[in-house]
2 protein chains.
Amino acid sequence: MISRKGFEEAQKRAIKYLEKAGIVVTEEEKKRIEVVDAGLGDLKNTGVELLVYVNTERCCAKELVLFPRQTCPEHRHPPQLDNPGKEETFRCRYGEVYLYVPGDKVQKPKAKVPKGSEPYYTVWHEIILKPGDQYILTPDTFHWFQAGDEGAIVSEFSTKSVDETDIFSDPRIKRATVIG
Amino acid sequence: MISRKGFEEAQKRAIKYLEKAGIVVTEEEKKRIEVVDAGLGDLKNTGVELLVYVNTERCCAKELVLFPRQTCPEHRHPPQLDNPGKEETFRCRYGEVYLYVPGDKVQKPKAKVPKGSEPYYTVWHEIILKPGDQYILTPDTFHWFQAGDEGAIVSEFSTKSVDETDIFSDPRIKRATVIG
């Protein structure tokens, strides 16, 4: 749950980061920036702000805004009836992003897991994305990511986004934001 | 056909426009910017420069660079064996773009058709895209577009890109660039 005030403040802050990154968005788009606290009520540490440009049956593009050290928690996009699951490309536009996927565990990770959530972060192969860097994630692969100290903007190019079917490692997480 | 020198100059110029738009690209990406003269040998008026970020079996994202008044000529993306044809979203990032699709003909179009190519521009419903504006194009729909006097950068989010199957209204056009 997030308060109306907290939601609006996060929207405004996200707009500032988009401006820092030189990404122009319309007034209508500013109003529909999503603030995702993943139901943990700790947006500072766990969550993401996002602006969906397009999401059709076939493809999707959005900007993800991460405040400094904010973490998009570990999840995967499982196969659906008619497809193998969402395929995503993450392209860093601003700041630095630490992305984790299955594979060799990094010895000294750049990211710090939000306190109390340690059991729910299980993949530790580290990919560091700076502006202009990108990574193509195969469907149904666990992943999570955290912004560096400057925050980050990440463009996501993908197949259709069906967030409600995402599977999170943390059973406490609820994908839909509740404002109250 | 385009000369090696013309090709390299166009790449450098495209990089400058990406910089103007605040879009960060890597050194590796700079070297693989495509210069498309559509075989007409008149890049100043007809053509486009593009950087493909990702193009998988399922989705594609690229930046299109248009020099001032440069025109991407009229074409459509026909159905393929296994899909209804490429679906595209154009999002203007910098400059101004005049996009034309089937529909009510605009009385005073903002774009000027490259001289000698008038018969090959047949759709005249005008959409003006400024930074932050976007348009979703349905598959198999004729379209063409021209940058305004400042040039333009357009992000394209789409299903798989298979340029070699594009159908151009102008039978003189060849999609593959020949450098020589």
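All values derive from a computational prediction rather than experimental measurement.

Asks: Which residues make up the overall build of chain A, and what are the values?
Replies: Scanning chain A for helices and strands turns up 2 helices and 9 strands. Put simply, chain A runs from its N terminus to its C terminus through helices and strands in the order α-α-β-β-β-β-β-β-β-β-β. Here the C-alpha radius of gyration of chain A, 15 Å, is about what a compact globule of 180 residues would show, namely 16 Å. For chain A, the C-alpha atoms occupy an extent of roughly 40 × 40 × 35 Å along the three principal directions. Sequence-distant contacts, at least 24 apart, represent 75% of the contacts inside chain A between residues at least 6 apart. Of the accessible surface of chain A, which amounts to about 8,200 Å², a share of 53% is contributed by carbon and sulfur atoms.

Asks: Any chance you could break down the interface of chain A and chain B for me, citing the residues and the numbers?
Replies: The partner chain B presents 31 residues to the 31 residues of chain A that form the contact. Surface buried jointly by chain A and chain B totals about 2,300 Å² across both partners, of which 53% is contributed by carbon and sulfur atoms. Counting the surface chain A buries against chain B, the share from its top three residues, Tyr-53, Arg-58 and Phe-157 of chain A, is 27%. Linking chain A with chain B are 4 salt bridges. Inspection of the chain A/chain B interface yields 14 residue pairs in polar contact (both at pLDDT 80 or more). Broken down by secondary-structure element, the contributors of at least two residues to the side of chain A that touches chain B are β2 (48-55), β3 (60-66), β5 (88-101), β7 (134-137) and β8 (143-158) of chain A. The dominant element in the side of chain A that touches chain B, judged by the number of residues it contributes, is β5 of chain A, at 3 residues. Within the side of chain A that touches chain B, the residues separate by chemical class into 13 nonpolar, 10 polar and 8 charged.

Asks: Would you mind going over the relation of the copies chain A and chain B in detail, with residue names and values included?
Replies: The operation relating chain A to chain B is a screw motion whose rotation component is 180°, with 0.0 Å of axial translation and a residual RMSD of 0.0 Å. The relationship between the two copies is best expressed as a two-fold rotation axis. In terms of proximity to the rotation axis, the leading residue of chain A is Gly-22 of chain A, whose C-alpha is 2.9 Å off the axis. With an isologous cut-off of 70% or more, the 100% of interface residues of chain A that recur at the interface of chain B puts this contact in the isologous class.

Asks: How would you explain the state of the cysteines if you had to name every residue and give the values?
Replies: Scanning the model with the defined rule gives 0 disulfides over all chains in all. Here Cys-72 of chain A is not cross-linked by a disulfide; its sulfur's nearest cysteine counterpart is in Cys-60 of chain A, at 14 Å. Cysteine Cys-60 of chain B is unpaired, with the sulfur of Cys-59 of chain B as its nearest cysteine sulfur at 8.0 Å. Owing to a relative accessible area of 3%, Cys-60 of chain B belongs among the buried residues under this scheme.

Thresholds, definitions, all that
Residues numbered from 1 in each chain as written. Chains lettered and ligands numbered in written order. Predicted model: local features only at pLDDT ≥ 70, side-chain atom pairs only at ≥ 80, totals over all residues. Heavy atoms only, no water. Helix = DSSP H or I, 4+ residues; strand = E, 2+ residues; numbered from the N terminus. Rg over C-alpha atoms; globule rule 2.2 N^0.38 Å. Contact = heavy atoms within 4.5 Å. Areas by Shrake-Rupley, 256 points an atom, 1.4 Å probe, with all protein chains shown as cover. Buried area = accessible area lost by both parts, 1.4 Å probe. Salt bridge = Lys/Arg side-chain N within 4 Å of Asp/Glu carboxyl O. Polar contact = N/O pair within 3.5 Å; in protein donor to acceptor, adjacent residues only side chain to side chain. Nonpolar A, V, L, I, M, F, W, Y, C, P; charged D, E, K, R; others polar. Least-squares fit on C-alpha atoms with pLDDT ≥ 70 in both. Disulfide = S-S within 2.5 Å. Buried < 20%, exposed > 50% of the residue type's maximum accessible area, 1.4 Å probe, protein only.

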